[in-house]
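Structural description and commentary
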Amino acid sequence: MSLLVILGPEFPNEKPSIFINPPIMHPWIGENSNQVIGAPGLLNYTLHSDLGRVVQAIIREFQKSMPKLTNTEEPVKSNETSPQSQATGQSLMFPELNECSIEELQEVLENTDLQDKIIEVNPQIVELEQETEELMTSIEEIAQENLEKQQMLDDIKSEVVDRISTIVQMKMNFEEMNRKHQKLSEMYDPYKIRDYLKEAAMKADEESEVIAEKFLTGDMPVEAFVSQFAETRALGQARRAREERLGHQLALLDRATTSIRPMTNKG
């Protein structure tokens, strides 16, 4: 008997297909076929499974159970479309074993060092190891680049955090200065200053009337009356004069602004 091991294009990500010739009756063999499907090594196959050990386990099972050969005169059902017919012309993964005798093959099965040697020099295994090494090198390079980029990213993140903190502080300062500006704008608004002057002039007039009332009732001597009354009257007149002058200037400003707006709209 011989085993035919077929490695698909997705190997080792997919399990291999193993066929026995001639067909036999065994629980591990598919019904009406010669494909080994019930071997535990195939049922539990993973990317890291040892293909050599899987094949050895199948050979030992067949040697131990001495399977009964099927009637060679009876054709295998659907032989034209069986996986074995599709695998015609494909070589074994280890073509050098085709030229070995039974004794040499038996020695290979019993000698793990010899098995490792055969596997090590197999072109497909060598190519797979080279691809693995190249992949590992590529992964290491990518990991190194990621570490370098991570440091760059951390630096940029720290810079962004600092800028955000600066912007927040600047915004707070702006809002504080804006409040002060609004307060000063209201305080030094020309129209409000005019109103303040008007109120101050009226207050000075009221104070002069109070002084005059005290003098008339005899509560204030002549010298004090003359001094305080004259000072209060002068202060009120000065405030009233400033209020009138500022009002005149504001009136001129309002007329100038009103005359400029239609010209701007017309232009």
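What this report covers is the structure whose coordinates are included nearby. Note that the structure is predicted; figures quoted are calculated from it, not measured.

Thresholds applied
Residues numbered from 1 in each chain as written. Predicted model: local features only at pLDDT ≥ 70, side-chain atom pairs only at ≥ 80, totals over all residues. Heavy atoms only, no water. Helix = DSSP H or I, 4+ residues; strand = E, 2+ residues; numbered from the N terminus. Buried < 20%, exposed > 50% of the residue type's maximum accessible area, 1.4 Å probe, protein only. Contact = heavy atoms within 4.5 Å. Areas by Shrake-Rupley, 256 points an atom, 1.4 Å probe, with all protein chains shown as cover. Expected span 1.5 Å × (residues − 1). Pairing = 2+ DSSP bridges. Axes fitted to C-alpha atoms, helices over the stretch in contact; angles between N-to-C directions. Phe/Tyr/Trp six-rings, centres within 6.5 Å; stacked < 30°, edge-to-face > 60°. Polar contact = N/O pair within 3.5 Å; in protein donor to acceptor, adjacent residues only side chain to side chain. Core = buried A, V, L, I, M, F, W, Y, C linked by side-chain atoms within 4.5 Å. Salt bridge = Lys/Arg side-chain N within 4 Å of Asp/Glu carboxyl O. Parallel < 35°, antiparallel > 145°, perpendicular 65-115°, else oblique. Nonpolar A, V, L, I, M, F, W, Y, C, P; charged D, E, K, R; others polar.

With respect to the overall build of the chain
Scanning the chain for helices and strands turns up eight helices and five strands. Looking at the chain as a whole, 20% of its 267 residues are labelled buried. In the chain, of all internal contacts separated by at least 6 residues, the share reaching a separation of at least 24 is 57%. As displayed, the chain offers around 20500 Å² of accessible surface, 56% of which is attributable to carbon and sulfur atoms.

Looking at helix 7 (residues 190-216)
The terminal C-alpha atoms of helix 7, which comprises 27 residues, lie 39 Å apart, in line with the 39 Å expected from a rise of 1.5 Å per residue. The set of residues buried in helix 7 consists of L197, A200, A201, A204, D205, S208, I211 and A212. Following helix 7 by one or two positions, G218 adopts a phi angle in the positive range, close to 85°.

Structural notes on the sheet that holds strand 4 (residues 35-36)
Backbone hydrogen bonds are what pair the strands of a sheet, in a parallel or an antiparallel way. If you trace the three strands from one edge of the open sheet to the other, you get 1-2-4, paired in antiparallel fashion. This sheet does not close on itself; its edge strands, each paired only once, are strand 1 (2-6) and strand 4. One ladder, built from two bridges, connects strand 2 (residues 17-21) with strand 4; its direction is antiparallel. Within the sheet, the bridge partner assigned to F19 lies in strand 4 and is Q35. Set on the sheet, helix 2 (residues 51-65) makes contact with strand 1, strand 2 and strand 4; between it and strand 1 the angle comes to about 150°.

Observations concerning the packing of aromatic side chains
By the definition in use, this model includes three aromatic pairs. Arranged with centres 6.5 Å apart and planes meeting at 50°, the rings of W28 and F62 form a pair that is tilted. With W28 in the loop between strand 3 (24-25) and strand 4 and F62 in helix 2, this pair connects stretches of sequence that are 34 residues apart. We classify F62 as buried; its relative accessible area is 5%.

Quick notes on the environment of S185
Its location among the elements puts S185 in helix 6 (residues 123-187). Reaching out from S185, the side chain makes a polar contact with the backbone oxygen of H181 at a distance of 2.7 Å.

Focus: the nonpolar core
By size, the foremost hydrophobic cluster in this structure holds 15 residues, and its most contacted members are I18, V36, L42, I58 and F62. If you list the elements that add at least two residues to this core, you get strand 2 and helix 2. Among the elements that make up this core, the one with the highest residue count is helix 2 (five residues). With near-sequence residues (within four places) excluded, I58 lies in contact with L3, I18, W28, V36, A39 and L42.

Considering the pairing of strand 2
Of the strand pairs in this sheet, strand 1 and strand 2 are connected by five bridges, and their pairing is antiparallel. Within strand 2, the residue paired with I6 across the bridge is S17.

Notes on the side chain of Q56
Position of Q56 relative to the elements: it lies in helix 2. The buried category is assigned to Q56, whose relative accessible area is 14%. If near-sequence neighbours (up to four positions away) are discounted, Q56 is found in contact with L109 and Q115.

Digging into the pattern of salt bridges
Enumeration over the complete set of coordinates arrives at six salt bridges. The shortest N-O distance in the salt bridge between D195 and R194 comes to 3.8 Å. Residue D195 is classed as partly exposed on the basis of its relative accessible area, which comes to 35%. Here R194 falls in the partly exposed class, since its relative accessible area comes to 26%. With a shortest N-O distance of 2.0 Å, R240 and D205 are connected by a salt bridge. Here the residue R240 occupies a position in helix 8 (residues 222-266), and D205 occupies one in helix 7, the gap between them amounting to 35 residues.

Here's the deal with the packing of helix 4 (residues 102-110) against helix 5 (residues 112-121)
The interhelical angle for the contact between helix 4 and helix 5, taken along N-to-C directions, is 100°, at an axis separation of 5 Å. By the angle between their axes, helix 4 is roughly perpendicular relative to helix 5. For the pair formed by helix 4 and helix 5, the contact residues are E107, V108, L109 and E110 on the first element and T112, L114, Q115 and I118 on the second. For the contact of helix 4 with helix 5, the per-class residue count stands at four nonpolar, two polar and two charged.

Notes on unusual backbone geometry
A cis amide bond links F11 with the next residue in sequence, P12, at an omega value of 10°. Tracing the sequence through the fold places P12 in the loop between strand 1 and strand 2. Cis geometry is adopted by the peptide bond preceding P22, which originates at N21 and carries an omega value of 0°. Its location among the elements puts P22 in the loop between strand 2 and strand 3. Positioned with a positive phi, N32 is a non-glycine residue whose angle comes to about 55°. If you trace the backbone, N32 turns up in the loop between strand 3 and strand 4.

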